[in-house]
Amino acid sequence: MYWNKSYECMPREKLQELQLERLKRMVNRIYHDVPFYRNKFQEKGLLPEDVKSLEDLQKLPFTTKVDLRDNYPYGLFTVPLEQIVRIHASSGTTGKPTVVGYTRNDISMWSELMARCLVAAGAGPHSVIQNAYGYGLFTGGLGVHYGAERLGASIIPISGGNTAKQIMIMQDFGSTVLTCTPSYAIYLAEVLAEAGIDPASLKIQAGIFGAEPWSENIRKDIEKKLKIKAYDIYGLSEIMGPGVAIECECQDGLHVWEDHFIPEIIDPVTLKVLPYGQQGELVITTITKEGIPILRYRTRDITTIKPEPCACGRTHLRISRLQGRTDDMLIIRGVNVFPTQIESVLLEIGEVEPHYQLVVRRDGSLDTLEIKVELSEALFSDRISNLENLEKRIRDRIQSTIGISAKVALVEPKSLPRSEGKSQRVVDLRKI
Ligand code: DLL
């Protein structure tokens, strides 16, 4: 049930003592070893000794993706390259990637935390893990891989894509756990159905899905279609990679491994720390990383911290399912809209497929949103009047739950692009 009970279930007081001790050590290191941090501290008139309690973290400067870019590629590393044993980078849509380096201890810590995650999702040494996250500069593939090896499970490093082969392996190798993005899991389910393969004939019991936002309704859909339990896993390269947080069997929020990371929620406008329970931007400080420790990293991800104790017995704080990113948030005629909210509405209606695309345009000074959504095969040949009625119902539901008017376009089954990794669901034509 637990991989490392003494840490995962540590009484909170002890956990906080450990955090403070580790935070002080980390702040000292970055101040002395990284000119970027020393300058930031000096600008604020701060010294490492000013960190006397966990609350003092709030005085310290933030780090952003821009800071990583400005120090591209190795400027924020705290150790010489001889001590770096692995380099990853996150793609980013424009310009240079952000680069992160791991020491041997960092890889060991990451493997440990990923092993905890796998166990939290019900895996064990007996598991056969089909790892369809991409291997490469992306942290998904290798992150899960090392965790699975640490756990002693059998890992199948198939990487993303090659869907026909994924299915053959699933059938022949008896995979019990599937790891990939939720959008790829939906696609796999679709291909299985087309091939007439009943998921109940497979050994898959659980899926560990993340790397992109997904809604509770998509979880239900995947669980139903693949006949598995679907767990949400969160992480980002700048902090480590997959395994910063994971759901346990309660599937009610993701535990953040607080012996290695300190989470905070801030208001992205005022930059003030918000009390537990309030939604805002997640900020994470790494307190054990050696290669590239990061102070108060502004993730841009929107969530809340849930301080209530969890029935699983783990004492580490939970964050709620990630809502989306501040930079994915569409502002349409003044209303903030996250793609996951629209996804949720579409799935509640139920007659369409979980494949959709949001197209935002600017018409004069007015922003317009078009929601393209795929019809199921069954409905595709339905009477026009029924389809018009469905379009209207979707439009009304979007208006009443999200508060914006949108154009709804029902499109042919399988006409929208499928993804093997992170999906691209928003086409924002306003920027072009
Ligand atoms: O996506 C690491 C990862 C790999 C996580 C596999 C989980 C599974 P990056 O490529 O650096 O790293 O992207 C990080 O992806 O800031 C979030 O916006 C988003 N993200 C990751 N997990 C989730 C999730 C990996 N469970 C960025 N829910 C993050 C919503 C997620 N968004």
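Definitions and cut-offs
Residues numbered from 1 in each chain as written. Predicted model: local features only at pLDDT ≥ 70, side-chain atom pairs only at ≥ 80, totals over all residues. Heavy atoms only, no water. Helix = DSSP H or I, 4+ residues; strand = E, 2+ residues; numbered from the N terminus. Rg over C-alpha atoms; globule rule 2.2 N^0.38 Å. Buried < 20%, exposed > 50% of the residue type's maximum accessible area, 1.4 Å probe, protein only. Contact = heavy atoms within 4.5 Å. Areas by Shrake-Rupley, 256 points an atom, 1.4 Å probe, with all protein chains shown as cover. Lys, Arg positive; Asp, Glu negative; His and termini not counted. Charge placed at Lys NZ, Arg CZ, Asp CG, Glu CD. Patch = residues over 30% accessible without salt bridge, like charges linked within 9 Å, V, L, I, M, F, W, Y side chains within 5 Å. Salt bridge = Lys/Arg side-chain N within 4 Å of Asp/Glu carboxyl O. Pairing = 2+ DSSP bridges. Domains from an automatic or database assignment. Buried area = accessible area lost by both parts, 1.4 Å probe. Near = heavy atom within 4 Å. Polar contact = N/O pair within 3.5 Å; in protein donor to acceptor, adjacent residues only side chain to side chain. Nonpolar A, V, L, I, M, F, W, Y, C, P; charged D, E, K, R; others polar.

Comments concerning the overall build of the chain
- Summing up its helical and strand segments, the chain has 12 helices and 21 strands in all.
- Taken over the C-alpha trace, the chain has a radius of gyration of 22 Å; the compact-globule value for 432 residues is 22 Å, and the two agree within 12%.
- A principal-axis box enclosing the C-alpha atoms of the chain has dimensions of 70 × 55 × 40 Å.
- Out of the 432 residues belonging to the chain, those deemed buried represent 56%.
- Once local pairs closer than 6 in sequence are excluded, the contacts in the chain between residues at least 24 apart make up 65%.
- Looking at the chain as shown, the accessible area adds up to about 18,500 Å², and 51% of this sits on carbon and sulfur atoms.
- Within the chain, the 55 negative side-chain charges are centred at a point lying 1 Å from the centre of the 53 positive side-chain charges.

Overview of a nonpolar patch on the surface
- A surface patch of nonpolar side chains, about 250 Å² in accessible area, is lined by Tyr 74, Leu 81 and Ile 87.
- With respect to the secondary-structure elements, Tyr 74 resides in the loop between α4 (65-70) and β1 (84-90).

Considering the sheet that holds strand β11 (residues 280-286)
- Spatially, β10-β11-β12-β15 is the arrangement adopted by the four strands of the open sheet, whose pairing is antiparallel. Strands at the two margins of the open sheet, each flanked by one partner only, are β10 (261-266) and β15 (324-325).
- In this structure, β11 lies alongside strand β12 (residues 297-303), joined through four bridges in antiparallel fashion. Residue pairing for β12: Gly 280 is matched across the bridge by Thr 303.

Some thoughts on the environment of Pro 48
- Topologically, Pro 48 is positioned in the loop between α3 (35-43) and α4.
- Judged by its relative accessible area of 6%, Pro 48 is buried.
- The contact partners of Pro 48, leaving out residues within four places of it in the chain, are Val 27, Asn 28, Tyr 31 and Phe 41.

Some details on the domain arrangement of the chain
- For the chain, the assigned domains read domain 1 (1-328) and domain 2 (330-428).
- Distance from the C-alpha centre of domain 1 to the C-alpha centre of domain 2: 30 Å.
- Listed by partner, the interface residues are 25 residues for domain 1 and 22 residues for domain 2.
- Carbon and sulfur atoms make up 52% of the surface buried where domain 1 meets domain 2, a total of about 1,800 Å² over both sides.
- On the domain 1 side of the interface with domain 2, the three residues burying the most area are Asn 217, Gln 323 and Asp 328, jointly 24% of the side's total.
- Between Lys 225 and Glu 353 there is a salt bridge; the shortest N-O distance is 4.0 Å.

A short note on the site of the ligand
- Near the ligand you find 21 residues, and of these Asp 232, Ile 233, Ser 237, Asp 301 and Lys 422 are the closest.
- One nitrogen or oxygen atom from the main chain of Pro 213 is found 3.4 Å from a nitrogen atom belonging to the ligand.
- About the coverage of the ligand: the protein hides 94% of its 610 Å² of free accessible area.
- At the level of elements, α6 (139-151) and β7 (229-236) are the ones that each hand at least two residues to the shell around the ligand.
- With five residues, β7 is the single largest residue contributor to the shell around the ligand.
- In terms of residue class, the shell around the ligand is made up of nine nonpolar, six polar and six charged.

A look at the environment of Ser 183
- Secondary-structure assignment places Ser 183 in helix α8 (residues 182-194).
- The spacing of Ser 183 and Thr 63 is 120 residues in sequence and 30 Å in space, taken between C-alpha atoms.
- With residues up to four places along the chain from it excluded, the contact list for Ser 183 reads Glu 212, Ser 419, Gly 421, Ser 423 and Arg 425.

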